[in-house]
Amino acid sequence: MSNAAAPATEGPDRSDAPAHVAIIMDGNGRWAAARGLPRAEGHRRGVEALRRVVRASHELGIRYLTIFSFSSENWSRPASEIGDLFGLLRRFIRNDLASLHRDGVKVRIIGERDGLDSDICALLNEAEELTRDNTRLTLVVAFNYGSRQEIAKAAQKLAREVADGKRAPETIDAETIGAHLDAPDIPDPDLIIRTSGEQRLSNFLMWQAAYSELVFVPIHWPDFDKAALEGAIAEFARRERRFGGLVAKNAS
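What counts, and at which threshold
- Residues numbered from 1 in each chain as written.
- Predicted model: local features only at pLDDT ≥ 70, side-chain atom pairs only at ≥ 80, totals over all residues.
- Heavy atoms only, no water.
- UniProt positions renumbered as here; feature names shortened; annotations may be inferred.
- Helix = DSSP H or I, 4+ residues; strand = E, 2+ residues; numbered from the N terminus.
- Expected span 1.5 Å × (residues − 1).
- Buried < 20%, exposed > 50% of the residue type's maximum accessible area, 1.4 Å probe, protein only.
- Arc of directions from axis to C-beta.
- Contact = heavy atoms within 4.5 Å.
- Core = buried A, V, L, I, M, F, W, Y, C linked by side-chain atoms within 4.5 Å.

If you check an unreviewed UniProt entry, the protein appears there as Isoprenyl transferase from Bradyrhizobium japonicum. Turning to the protein, the UniProt annotation filed under Subunit (unreviewed entry) states: "Homodimer."

Written as structure tokens, this is what we have:
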């Protein structure tokens, strides 16, 4: 992702909506614990919330939706929970990919694929390949993703170019680094939402979030719906974005 202009996708004309919304989907486990349910049930209900939000995003005029589905730090969780999360991913792609494609959603994956099970990699590739020409909404899935790792990988690519004599060090600037990130053709998020009341980025899109508006909502992810998304967008619309200079009125 970079802040370079990207082709507009087809969708409703909603001038009050941010073009790109990114969401840290937090609170599945706490949602389940508050109801005396296993954490796996919280993750399952979180998938239902994702379906609602993907549907609502197009209705609200959002053109890009990025979700933090599995962090590179999540490997420290119990093996049983990781197994549940991967099982949900498998079922989501197998059960929902056809409907996403039918609804014109393009799926993009960012994050590290090395070391993942071969069937997971195959599913991720299938999702991208099947939907590559869709234009209604771009759904960016950050899977096995960490922003520091993404930036480090970009730096390694540039270092190799310098070592191979293909680039002079002084040609490396912010735009060059951005172009070497996982999805440089996608614009930076206008709005980043985190559910469950936590107020941090947790290694999510740290380069791309330089000028994003951050909205933290107290509800857990399984309870997030179109009304909650509209509330976050309303908060976004009330803010004045300065970008280090004069006030810029929010607009998509």
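Right, let's get into helix α4 (residues 118-131). An α-helix turns once per 3.6 residues; consequently, residues spaced three or four apart project the same way. With 14 residues, α4 ought to run about 20 Å at 1.5 Å a step, and its terminal C-alpha atoms sit 20 Å apart, in line with that. Three or more residues of α4 are buried, namely I120, C121, L123, L124, A127, E128 and T131. One face of α4 carries all of its buried residues, which in axial projection span an arc of 165 degrees. On the buried face of α4, the contacting elements are α3 (79-102), β3 (105-110) and β4 (137-145).

Counting residues in hydrophobic clusters, the biggest one holds 47 residues, and the most contacted among them are I23, L65, F143, I193, F224 and L229. With nine residues, α3 is the largest single contributor of residues to this core. Ignoring any residue separated from it by four or fewer positions in sequence, one finds L65 in contact with H20, V21, I23, V53, V54, S57, L137, T138, L139 and V140. The next biggest cluster of nonpolar side chains, apart from the first, holds 14 residues, and it includes V140, Y145, A183 and I192.

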